[in-house]
Amino acid sequence: MKTLNPNQSIDAFIKIVVLAVLIIASFLIAKPFLLLMVWAIIVAVALYPFYEKIIHLTKGKKKGLITTLFTLVLLAVIVVPSIGMASSIAESSGEIFDNFKAGTLKIDPPSESVKSWPLIGEKIHAMWSKASNDIQGFIKEYPDQVKASVGWFFGSFTGIMGSVLLSLVALIVAGIFMSSAKEGYQTGLAFANKMMDGNGEKMMTMCINTIRSVVKGILLVGVIQAILAFAGFSMIGLSTAGILAFAVLVCAIVQVPVTLVAIPVIIYVFSFADTTPAIIFAVYIFVVSLLDNFLKPMLLAKGLETPMIVILIGAIGGMMFMGILGLFIGPVIMAVSHRIYINWVTT
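The following paragraphs examine the structure supplied in this document.

Conventions and cut-offs
Residues numbered from 1 in each chain as written. Predicted model: local features only at pLDDT ≥ 70, side-chain atom pairs only at ≥ 80, totals over all residues. Heavy atoms only, no water. Helix = DSSP H or I, 4+ residues; strand = E, 2+ residues; numbered from the N terminus. Buried < 20%, exposed > 50% of the residue type's maximum accessible area, 1.4 Å probe, protein only. Contact = heavy atoms within 4.5 Å. Areas by Shrake-Rupley, 256 points an atom, 1.4 Å probe, with all protein chains shown as cover. Core = buried A, V, L, I, M, F, W, Y, C linked by side-chain atoms within 4.5 Å. Axes fitted to C-alpha atoms, helices over the stretch in contact; angles between N-to-C directions. Parallel < 35°, antiparallel > 145°, perpendicular 65-115°, else oblique. Left-handed = near helix turned anticlockwise from the far one by under 90°. Nonpolar A, V, L, I, M, F, W, Y, C, P; charged D, E, K, R; others polar. Patch = residues over 30% accessible without salt bridge, like charges linked within 9 Å, V, L, I, M, F, W, Y side chains within 5 Å. Salt bridge = Lys/Arg side-chain N within 4 Å of Asp/Glu carboxyl O.

1. Observations concerning the overall build of the protein
Each helix and strand counted, the protein has 13 helices and zero strands in total. A total of 347 residues make up the protein; the buried ones form 36% of that total. By sequence separation, contacts in the protein at least 24 residues apart represent 65% of the contacts at least 6 residues apart. For the protein, the accessible area works out to roughly 21100 Å², and carbon and sulfur atoms hold 72% of it.

2. Section: the side chain of S289
Along the chain, S289 falls in helix α10 (residues 275-289). Setting aside chain neighbours within four positions, we find S289 in contact with Q225, V258, T259 and A262.

3. Let's talk about the nonpolar core
W39, M178 and L327 are the most contacted members of the largest nonpolar core, which totals 43 residues. Breaking this core down by element, the ones donating at least two residues are α1 (6-57), α2 (63-102), α5 (143-179), α7 (200-236), α8 (241-253), α12 (308-322) and α13 (326-346). Counting residues per element, this core draws most heavily on α1, at eleven residues. Residues C251, A252, V269 and A273 belong to the second largest nonpolar core, which totals 22 residues.

4. Some thoughts on the packing of α7 against helix α11 (residues 291-299)
The geometry of α7 relative to α11 is characterised by a closest axis approach of 9 Å and an angle of 155° between their N-to-C directions. Considering the angle they form, α7 stands roughly antiparallel to α11. Handedness of the α7/α11 crossing: right-handed. Two secondary-structure elements touch here, α7 through S213, K216, G217, V221, I224, Q225 and L228 and α11 through L291, D292, L295, K296 and L299. For the contact of α7 with α11, the class distribution of residues is six nonpolar, three polar and three charged.

5. Quick notes on a nonpolar patch on the surface
Among the surface-exposed residues, I10, F13, I14, V17, V18, V21 and L22 lie close enough to one another that they form a single nonpolar patch of about 640 Å² accessible area. With respect to the helices, strands and loops of the structure, L22 is situated in helix α1.

6. Observations concerning the packing of α12 against α13
Two numbers describe how α12 lies on α13: the axes approach to 7 Å, and their chain directions differ by 135°. With respect to each other, α12 and α13 are oriented oblique. Where α12 crosses over α13, the two elements pack in a sense that is right-handed. In contact with V310, I311, I313, G314, A315, G318, M319 and M322 of α12, α13 contributes G326, L327, I329, G330, P331, M334, A335 and H338. For the contact of α12 with α13, the residue count by class is eleven nonpolar, five polar and no charged.

Read these as geometric descriptors, not functional statements.
Structure follows, in structure tokens:
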């Protein structure tokens, strides 16, 4: 075994120290942009199949112009619904606040049929009646519960809107990434091969498919449920349709059952609407709330070697640990870990 002389040891130590300093300095310099860059990579990976088809249809001509138009269209797709939902939420919230400030905020009283509901009917009827008769007194009696509910809602709204704003900037950066996707893929592949002893291509493919699967199986399903729910809330005449649709979207993304939003709304609708429209609305919203149970298995793990339960655990755990970005990073980490474990136990 060859031993290093003192001079070689010192040279090696200096090189390691310099390399460590460069890596740490580079990380600190890039740290303010890491979230944006990671988000842009996720967006680019998710949207690249559509971008590639458009480039193929145009035979690669005027690639810069096509990329710009593609990015602008996607920005409009995100901005227009976001503005509509934000405006609806702001308008509803402002109206509620103004009525509360003026002492004119009213909640429709419950019907007598609420009392007949099993187990919880009497309690719900009593609390509902108390809120209907004296909303200010109700808030004073249950301040912690009201603050917690309002704080959760506006905290979630702020977080989602912040993610939307970040997505808009990331989308612009993603357009740049997509225009040079081949070079970026080759760079990533070379790094993956270094890390995985020549098996980088399989790992890259798995990461790409996992990100796209999460986009389709969680985000897309959540957006579909929110849009359909908004349509139902609006048709039945609920003034807070935007707020309720946003609550549906939040629940769908964080993997909380949408029925937690649907059931109270259905109960409220039965208290003021005619029986036939209320039944139709209840069936419609109930179907919408259960839609993810049918769509998620079809979209979440389609084409993946990783089991759906691993992807789902990664999405939920990543969301809890890292926020909205963890929704994508969590499944990728879990998928890579699962692949390494399978390779280890089978070789």
